[in-house]
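The chain contents come next:
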Amino acid sequence: MNENELEELYAWVDEIPLSRPKRNITRDFSDGVMAAEVVKHFFPRLVDLHSYPPANGIDQKIINWTLLNKKVFSKLNLELASDVIRQVANCTHNVVECVLLNIRRKIDNKLWEQKQAAEGNDKPEADQNAAKEESPPKGKGALKTGKTLPAAAKPSPGKTKPDQKLTKVAKSKPGAKQTGEGNKNVKAKPPVDVAGEPVPRILFEEKEQECLAKEETIQILQAKVRRLEHLLHLKDIRIEDLTQRMEQVRPSGQNRK
């Protein structure tokens with residue numbers, strides 16, 4: 001994993017509310033509890049947190065991760081090897097980051113699949129073919145398909161076809177909105193500046209891309225700041241620990257004769 005991937009991963013974890021403060025990601029995630037909380041944040045019905053008690057011993061940590069692997073990760077199409085689980089439980093450097101990166105990718109894939117299913121892309125094949133046949137063609141000249149209507153669908157001689165009527169409107173008013181089904185050729189209004197003057201489309205798109213790039217840079221810098229604050233906090237804890245040890249080792253002079 002490169003530095004950018006690590007920063008994005010830390011920023012992603014920081015956005016998830018967890019039950020314990022994040023001090024050392026290797027130790028914090030070693031018992032599997034916070035990993036279960038990460039998955040539960042996105043899929044509440046997938047995880048039962050009571051099944052994963054906090055643990056300090058290696059054996060219970062491995063039990064938690066093994067249960068996660070069997071009950072939860074399998075539903076995300078993710079499987080951890082037993083040696084990887086043991087390395088995470090033993091707080092091996094940089095292993096939990098790789099595991100969390102894989103968990104994040106599988107969560108993103110699952111969310112995308114759910115979104116596609118909600119939009120109706122999971123219909124049976126027969127339904128999809130029927131929908132394609134019923135849906136009007138797209139693009140210019142969508143109303144002029146060139147196909148002959150079946151005998152039952154042909155209008156009576158004295159009536160005007162709806163398609164012909166809409167086509168006449170489109171010819172008489174170029175650029176106007178078409179209200180017929182399948183006509184999406186609506187002319188968008190050009191962007192304007194503060195003074196109300198029209199802005200060239202290319203300039204508008206360039207500025208939009210600049211804004212997106214700056215927002216991305218800001219997010220990366222914020223993630224780096226959070227990471228540095230985390231490292232400073234760890235240094236403070238280490239300094240305090242060393243100071244206490246020095247105080248304990250330093251002779252007091254009371255036992256000297």
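Residues numbered from 1 in each chain as written. Predicted model: local features only at pLDDT ≥ 70, side-chain atom pairs only at ≥ 80, totals over all residues. Heavy atoms only, no water.

### Comments concerning the confidence of the model for the protein chain
Phase 1: This prediction gives the protein chain a mean pLDDT of 75; 67% of its residues lie at or above 70.
Phase 2: Every residue in residues 130-187 scores below 50 in pLDDT, and together they form 25 contacts with partners more than four places removed in sequence or on other chains. (pLDDT = per-residue confidence, 0-100. Contact = heavy atoms within 4.5 Å.)

### Comments concerning the packing of aromatic side chains
Phase 1: Tallying each qualifying case throughout the model produces 2 aromatic pairs.
Phase 2: Relative to Phe42, the ring of Trp12 lies with its centre 5.8 Å away and its plane at 10°, an arrangement referred to as stacked. One end of the pair, Trp12, is in helix 1 (residues 3-14); the other, Phe42, is in helix 3 (residues 33-42), with 30 residues separating them in the sequence.
Phase 3: Overall, the relative accessible area of 9% leaves Trp12 in the buried class.
Phase 4: By relative accessible area, which is 25% here, Phe42 ends up partly exposed.
Phase 5: Relative to Phe73, the ring of Trp65 lies with its centre 6.3 Å away and its plane at 45°, an arrangement referred to as tilted.
Phase 6: Of the residues examined, Trp65 reaches a relative accessible area of 1% and is grouped as buried. (Phe/Tyr/Trp six-rings, centres within 6.5 Å; stacked < 30°, edge-to-face > 60°. Helix = DSSP H or I, 4+ residues; strand = E, 2+ residues; numbered from the N terminus. Buried < 20%, exposed > 50% of the residue type's maximum accessible area, 1.4 Å probe, protein only.)

### Remarks on the packing of helix 5 (residues 82-89) against helix 6 (residues 95-118)
Phase 1: Two numbers describe how helix 5 lies on helix 6: the axes approach to 9 Å, and their chain directions differ by 120°. The angle between helix 5 and helix 6 falls in the class oblique. Helix-helix and strand crossings are classified by hand; for helix 5 and helix 6 the assignment is left-handed. Contacts between helix 5 and helix 6 pair Val84, Gln87 and Val88 from the former with Val95, Val96 and Val99 from the latter. (Axes fitted to C-alpha atoms, helices over the stretch in contact; angles between N-to-C directions. Parallel < 35°, antiparallel > 145°, perpendicular 65-115°, else oblique. Left-handed = near helix turned anticlockwise from the far one by under 90°.)

### Thoughts on the pattern of salt bridges
Opposite charge on two side chains lets them pair, provided their charged atoms get close.
Phase 1: Considering all chains together, one arrives at 4 salt bridges under this definition.
Phase 2: Asp14 serves as the salt-bridge partner of Arg226, at 3.3 Å between the closest nitrogen and oxygen. Here Arg226, found in helix 9 (residues 201-249), pairs with Asp14, found in helix 1; they are 212 residues apart in sequence, far enough to count as distant.
Phase 3: You can call Asp14 partly exposed: its relative accessible area is 36%.
Phase 4: A salt bridge links Asp241 to Arg238; its shortest N-O distance comes to 3.7 Å. Placement of the pair is Asp241 and Arg238 together in helix 9, with a separation of 3 residues, close to one helical turn.
Phase 5: Residues participating in the shared-partner salt-bridge network are Arg238, Asp241 and Arg245. (Salt bridge = Lys/Arg side-chain N within 4 Å of Asp/Glu carboxyl O.)

### Examining the nonpolar core
Phase 1: Judged by nonpolar contacts, the single largest core of 34 residues is most densely connected at Phe29, Val39, Trp65 and Phe73.
Phase 2: When contributions to this core are tallied by element, the ones reaching two or more residues are helix 1, helix 3, helix 4 (58-71), helix 5 and helix 6.
Phase 3: Examining the composition of this core, we find that 6 residues originate from one element, helix 6, more than from any other. (Core = buried A, V, L, I, M, F, W, Y, C linked by side-chain atoms within 4.5 Å.)

### A word on the side chain of Thr26
Phase 1: Residue position: Thr26 is located in helix 2 (residues 25-28).
Phase 2: Residue classification places Thr26 among the buried positions, given a relative accessible area of 10%.
Phase 3: Apart from residues lying up to four places away in sequence, Thr26 is in contact with Cys91, Thr92, Val96 and Glu97.

### Observations concerning unusual backbone geometry
Phase 1: Even without being a glycine, Asn77 presents a positive backbone phi close to 60°.
Phase 2: With phi around 70°, Asn94 is a residue other than glycine that occupies positive phi space.

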